[in-house]
Amino acid sequence: MSAHTHDVVPASPQVRRHARRVFTAILVPALLVTLLGAWVLWPTGERPVLETSPPGMTFPTVTVVEVFPDAADPLRQVRATMADGSSAWVQVPPEYLPEIDPGDRVIAADLGSLGTPETGLVFTDFVRGPPLGLLAAVFAVLVVAVARWRGFAALLGLGISMGVIGAFMLPALLEGKPALPVALVTSSAIMFVVLYLAHGFTLRTSTALVGTLLGLLATGFLATWASGAAHLTGLSGEYALDLLSYAPQARMSAILLCGMVIAGLGVLNDVTITQASAVWELHGSSPDAGWRELFGRGMRIGRDHIASTVYTIVFAYVGATLPLVLLVSISDRGMLDALTSGELAEEVARTLVGSIGLVLAIPLTTAIAAWVVRSGRPAPTTAVEPELVDVGVP
C-alpha cells in the first residue's frame, strides 16, 4: 500500500518586496518630478479679470408670469414678477422666446441709468442652479451609497482634481507657460491623488498608476506632434479671440494641446485600473497561470475595453459638438474637407490622440500587472514520495 503527501512551500514575501522596490524606484522620482515641475511652472502673476457688465447694471432674478409671443411690441412679450412682488416687462431675444413658459425663473439685466423706462429688463439666462444642484446631490448620494468609502474617496479626489486645475493649470496657461509640461504636471498630480485616494496604497493601484503615467506621456508627445504637424492653432473656437483680448499672454495652440491631454485623463484612468483589477482577478482564479497566459487573457478583456471605450470617446465628442456636426452635415463642402478644417479638425485630432493613448496604455498596464502578480506567486508545489510502508498485509 502506497501513500502520497504534498508539502506546499509557503509564499516568500521577497518577490513582492522586489515589486514594491521597482515601483518605488519608478513612482517616487515621478512624484518628485511632478512636484518640481509644479514649483517651476507655478503661476506668479495676477489672473486677468473678465468684466461682464458695466458699472450700475444689476441682474435680478424674476419669475415669468405671462408670455405674449404674438405681441406687436417686442418689449411687451414677456411679463414677470420681481422679488418684491412688483411687475416688470422683460425683453427677450426672438430665438429664446419659444423656450420661455410661465413659471420659469430667469435672470434679467437691469440696465439702470444705461437704459430707458421703456426698455425694462433684458433677458440674460435661465436660473439653472436648483436642478443642477439636485442632479449633483443625487449623483453624490448614489456614488456613496453604491461604492461606499471608495465612492466618497472618489468624490473627494474629484474635488481635489478640480482644485489642481483651478489653482495651477488654468493660471499657468493664462500666463503662457509651456503647454506640455503644464499638462503632464497637472495630469500626474491628479492621478497620484485620485488613484491612491480611491483605491488605496496597493500594488494593484501602483500598477494602474504606472500604466496611466506611461499612457499620459504617449498622449502628451503625440498631442504635441499632432498640433504642430496638422497646424492646429486653437483659434477656430468661438471664444478664442475673446480670450486673447483679455489674456494676450495665453497661446491658443498651447491651450488646445493641454486640453487634448486632460480630455483623455478620465478614460485613461478608467481603463488602467480596470485592466489591473482584471489581471488580479484572473490570477486569483488561476494561481498557476504563467505570465504569458495572464497577459493573453487580460488582453482579451482589454480588447473589448478598447472597442467600447473608443466608442465612448467618439460619441462624447460628437455629442459635445453636435451643433457643429449639424452644420457640417448641411454644408456643400465634401466630408474630408470639413473634417480637416478649422474647429472640427481640432476635435478629430483630440479624439484620435486620446484614443491612441488609451490603446497604448492597455497592453502596458496588462503586462505590468501580469508581472507583478506573477512575482508574488507561491513557489511550485513539491511532491514528496515517501517510501512504501509495510502495514502488515500478507
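Above: the structure in question.
Quick caveat, the model's predicted, so the values are computed rather than measured. Residue numbers run consecutively from 1 along every chain, following the written order of its sequence. Since the coordinates come from a predicted model, pLDDT governs what is reported: local features require at least 70, and pairs of side-chain atoms require 80 or more to be given and counted, while whole-chain, interface and lining totals use all residues. By convention in this description, side-chain values take in all heavy atoms of the structure and omit both hydrogens and water.

(A) Local environment of the overall build of the protein chain. Across its full length, the protein chain holds twelve helices and seven strands. Burial analysis of the protein chain (394 residues in total) assigns 34% to the buried set. Any two residues whose heavy atoms approach within 4.5 Å at even a single point are treated as in contact. Considering only contacts in the protein chain between residues 6 or more positions apart, those separated by 24 or more positions represent 72%. Here a helix means four or more residues in a row that DSSP labels H or I, a strand means two or more in a row labelled E, and each is numbered from the N terminus. Under the scheme applied here, a residue whose accessible area is under 20% of the maximum for its type counts as buried, over 50% as exposed, and between as partly exposed, the area being computed with a 1.4 Å probe on protein chains only.

(B) How the structure looks around unusual backbone geometry. One non-glycine residue, Arg148, lies in the positive phi region at around 55°. Considering the arrangement of structural elements, one finds Arg148 in the loop between α2 (129-147) and α3 (149-174). Taking the relative accessible area as the measure of exposure, Arg148 reaches 65% and is therefore exposed. Located in the positive-phi region is His231, a residue other than glycine, with phi close to 55°. Relative to the assigned elements, His231 resides in the loop between α5 (203-229) and α6 (240-246).

(C) Structural context of the sheet that holds strand β4 (residues 87-91). The pairing criterion is simple: DSSP has to find at least two bridges between the two strands. Spatially, β2-β3-β4-β6-β5 is the arrangement adopted by the five strands of the closed barrel, whose pairing is mixed. Averaged over all adjacent pairs, the angle separating strand axes in this sheet is 55°, with direction ignored. Pairing of strand β2 (residues 61-67) with strand β5 (residues 105-110), which is carried by three bridges, proceeds in the antiparallel orientation. Looking at β5, one finds that Val62 is bridged to Val106. An axis is simply a line fitted to the C-alpha atoms; with a helix, the fit covers only the stretch in contact. Between two such axes, the angle follows the N-to-C directions and lies from 0 to 180 degrees.

(D) Structural detail: the pattern of salt bridges. Here, a salt bridge means any Lys or Arg side-chain nitrogen found within 4 Å of an Asp or Glu carboxyl oxygen. Under the counting rule described, the total for this entry stands at three salt bridges. Between Glu66 and Arg79 there is a salt bridge, and its shortest N-O distance comes to 2.3 Å. With Glu66 in strand β2 and Arg79 in strand β3 (residues 78-81), this pair connects stretches of sequence that are 13 residues apart. Glu66 sits in the partly exposed class, given a relative accessible area of 30%. For Arg79, a relative accessible area of 23% gives the class partly exposed. For the salt bridge of Glu293 with Arg297, the shortest nitrogen-to-oxygen distance reads 3.5 Å. Of the two residues, Glu293 and Arg297 are both situated in helix α9 (residues 291-320); the distance of four residues between them amounts to about one turn of the helix. For Glu293, a relative accessible area of 42% translates into the label partly exposed.

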